[in-house]
Amino acid sequence: MGTDIGIAKSNLNYPNLQDPQFWENFTTRNNLPDNKINEFIEFQGKIYVATEKGTAYFDDAGSIKSIDGITDRVSDFAIYKNRLYAGAFSGVYLLDNGKWVLYAGNLWDISVIGFDDEGNLWAGTWSDGLFFYNSDSGKWVKKMPTSPGGNYFADIDIDRNGILWCVSGQFGNKGVYSFDGEKWRNFTVNDGISSNSVISVKVDKNNVKWFGTPGWGAFTIEGENYRITKYDTTDGRLAGSDTPSFVIVDDIGVDETGNIWLLNRYASNGKALVVITPEFEWNYFSTSDGLSSVEVSAIAFDKSGKVWIGTAGASPEGINVLDYKGTLKDKSDDVWEQYITSDGLVSNEINAIAVDNYGYVWVCLLYTSDAADELDGVDL
């Protein structure tokens, strides 16, 4: 049995395997390369052991013998045509005359290896997916299964072609996934997006997909060729936080007229509410216009066209409601309202806002110790 502190060995015929006296232990003091055991395999009558710092085997006398050729982590073994292979951090190795020789390199952090019925070598990695080894070219080829790039889903939307778009969130850190009903497609920084941490997505009236990140601004994906465009402090379109280059776009909304609204959280210039018209004109609402805080966190639109903006600050900012009377450039007729705990909110820290088909506005609030017995949703 392999453990993080060495190998424990016993005979299954012993009467009481819970008794320590029936177990024999092996550690680095017995010539193991490392005490963390990752895998065992039986090959040609001997037991081979994979550890964090190479491999070893038990000889005929029951002693441990180390094997030269690998000094880094070995996670898996495979046998093909009576030859033993090891999947290591630095590649796949072949046991040849008692030593490991590199068989397929230039692939890192291998977690599992195996051969298919045609004798093709496959390797899975801890962080970069599945690979096939092309023995003719001597190169690894990445094979993307039809699955999302990660297990985290922070936000979703559906485009005008019925394709589902998902983002992996700040901590999922796997970029963007799309699903057309049959296959998944994944987008990461290797494909040109701003960051693998993506926290919001919204599809506009022109079928352009807008994405927000927690520090790298916004970007869009559009067209059959998946053209990517990034938006940050360039040309002053978005503002950084206390760190000028750190541009947060927390949430995105698209209203009935096709305007795209970006929440530029912590905008250092106060212009935390950004509006892009279908004609691609950029407009802004700031704290000097009536917005109570730059800690904007959520956005929604009611049936009368009012904009509901949630904040997430510790100070009592709550919800801001903007009625801009349909005139983005003329701010003289704008009306601002604010709702906080004294108006019935359980908390002034807002996580999400939505408007239902009956026109009710639903608010998801951050739990507080004083609100543990209250509902998350508040009908305003």
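What counts, and where the lines are drawn
Residues numbered from 1 in each chain as written. Predicted model: local features only at pLDDT ≥ 70, side-chain atom pairs only at ≥ 80, totals over all residues. Heavy atoms only, no water. Pairing = 2+ DSSP bridges. Helix = DSSP H or I, 4+ residues; strand = E, 2+ residues; numbered from the N terminus. Axes fitted to C-alpha atoms, helices over the stretch in contact; angles between N-to-C directions. Buried < 20%, exposed > 50% of the residue type's maximum accessible area, 1.4 Å probe, protein only. Contact = heavy atoms within 4.5 Å. Salt bridge = Lys/Arg side-chain N within 4 Å of Asp/Glu carboxyl O. Phe/Tyr/Trp six-rings, centres within 6.5 Å; stacked < 30°, edge-to-face > 60°. Lys NZ or Arg CZ within 6 Å of the ring centre and 35° of its normal. Core = buried A, V, L, I, M, F, W, Y, C linked by side-chain atoms within 4.5 Å.

Where do I start with the sheet that holds strand 30 (residues 296–301) in this structure?
Spatial strand order, 30-31-32-33: four strands in an open sheet with antiparallel pairing. Taken across any chain shown, the strands that pair with only one partner, and hence form the sheet edges, are strand 30 and strand 33 (335–339). The sheet shows a mean angle of 20 degrees between the axes of neighbouring strands, taken without regard to direction.

Explain the pairing of strand 14 (residues 130–134) here, please?
Along any regular strand, the residues point their side chains to alternate faces of the sheet. Bridge analysis of strand 13 (residues 121–125) against strand 14 gives three bridges, and the strand direction is antiparallel. Bridging across to strand 14, Trp-122 finds its partner in Phe-132. Hairpin connection from strand 13 to strand 14: four residues lie between these consecutive antiparallel strands, with Gly-129 at a positive phi of about 95 degrees. Counted along the chain from strand 14 to the antiparallel partner strand 15 (residues 139–143), the turn is four residues long, and its residue Gly-138 has a positive phi close to 70 degrees.

So what exactly am I meant to see when it comes to the environment of Tyr-226 here?
Positionally, Tyr-226 belongs in the loop between strand 23 (218–222) and strand 24 (227–231). For Tyr-226, a relative accessible area of 27% translates into the label partly exposed. Residues Tyr-226 and Asp-191, spaced 35 residues apart in sequence, show a C-alpha to C-alpha distance of 9.6 Å. Those residues in contact with Tyr-226, other than ones at most four positions away along the chain, are Trp-165, Arg-185, Phe-187 and Ile-221.

Is there a simple way to think about the sheet that holds strand 16 (residues 155–158) in this case?
Hydrogen bonds between backbone atoms are what pair the strands of a sheet, whose relative direction is either parallel or antiparallel. Here we have four strands laid out as an open sheet, ordered 16-17-18-19, and antiparallel in their pairing. Whereas interior strands pair on both sides, the edge strands pair on one side only; in this sheet they are strand 16 and strand 19 (184–187). Pairwise comparison of adjacent strand axes, ignoring direction, gives a mean angle of 20 degrees for this sheet. Here strand 17 (residues 164–167) runs beside strand 18 (residues 176–179); their pairing, made up of four bridges, is antiparallel. When the bridges of strand 18 are listed, Leu-164 appears paired with Phe-179.

Looking at this model, I keep getting lost on the pattern of salt bridges. Mind explaining?
For side chains of opposite charge, pairing can occur when their charged atoms come near one another. Evaluation of the coordinates by the stated rule reveals 10 salt bridges. With a shortest N-O distance of 3.9 Å, Asp-4 and Lys-36 are connected by a salt bridge. Of this pair, Asp-4 sits in the loop between strand 1 (2–3) and strand 2 (6–9) while Lys-36 sits in the loop between strand 3 (24–26) and strand 4 (37–43), and the two are 32 residues apart along the sequence. With relative accessibility at 56%, the residue Asp-4 sits in the exposed group.

Even after reading the chapter, I still don't get the packing of aromatic side chains, so can you show me in this structure?
Within a pair of aromatic rings, the relevant descriptors are the distance that separates the centres and the angle that separates the planes. On inspection of all chains with the given rule, the structure shows 31 aromatic pairs. Plain terms: the ring middles of Trp-122 and Phe-132 are 5.2 Å apart, the flat faces sit at 55 degrees to each other, and that makes the pair tilted. Remark: Phe-132 occurs in strand 14 and Trp-122 occurs in strand 13; sequence separation between them is 10 residues. In this structure Trp-122 comes out as partly exposed when scored by relative accessible area, which is 27%. Summarising the aromatic geometry, the rings of Phe-280 and Trp-282 are spaced 5.8 Å apart at their centres and angled 85 degrees between planes, so their arrangement reads as edge-to-face. Judged by relative accessible area, which is 15%, Trp-282 ranks as buried. Sitting over the ring of Phe-58, Lys-9 keeps its end group 5.8 Å from the ring centre.

For this particular structure, what's the right way to read the nonpolar core?
Soluble globular proteins tend to pack their nonpolar side chains together in the buried interior. Ranked by internal contacts, the top residues of the largest apolar core, which has 17 residues, are Trp-261, Leu-273, Phe-285, Val-307, Ile-309 and Leu-322. Sorting the residues of this core by element identifies strand 27 (260–263), strand 28 (273–276), strand 30 and strand 31 (307–311) as the ones contributing at least two each. Top contributing element to this core by residue count: strand 30, with three residues. In this structure, Val-208, Trp-210, Ile-276 and Tyr-284 belong to the second largest nonpolar core, which totals 15 residues.

What exactly am I supposed to notice about the pairing of strand 17 here?
Pairing of strand 16 with strand 17, which is carried by four bridges, proceeds in the antiparallel orientation. Counterpart to Asp-155 in the pairing with strand 17 is Val-167. Counting the residues that bridge the hairpin from strand 16 to strand 17 gives five residues, and of these Gly-162 lies at a positive phi of roughly 80 degrees.

These figures come from the coordinates and say nothing about function on their own.
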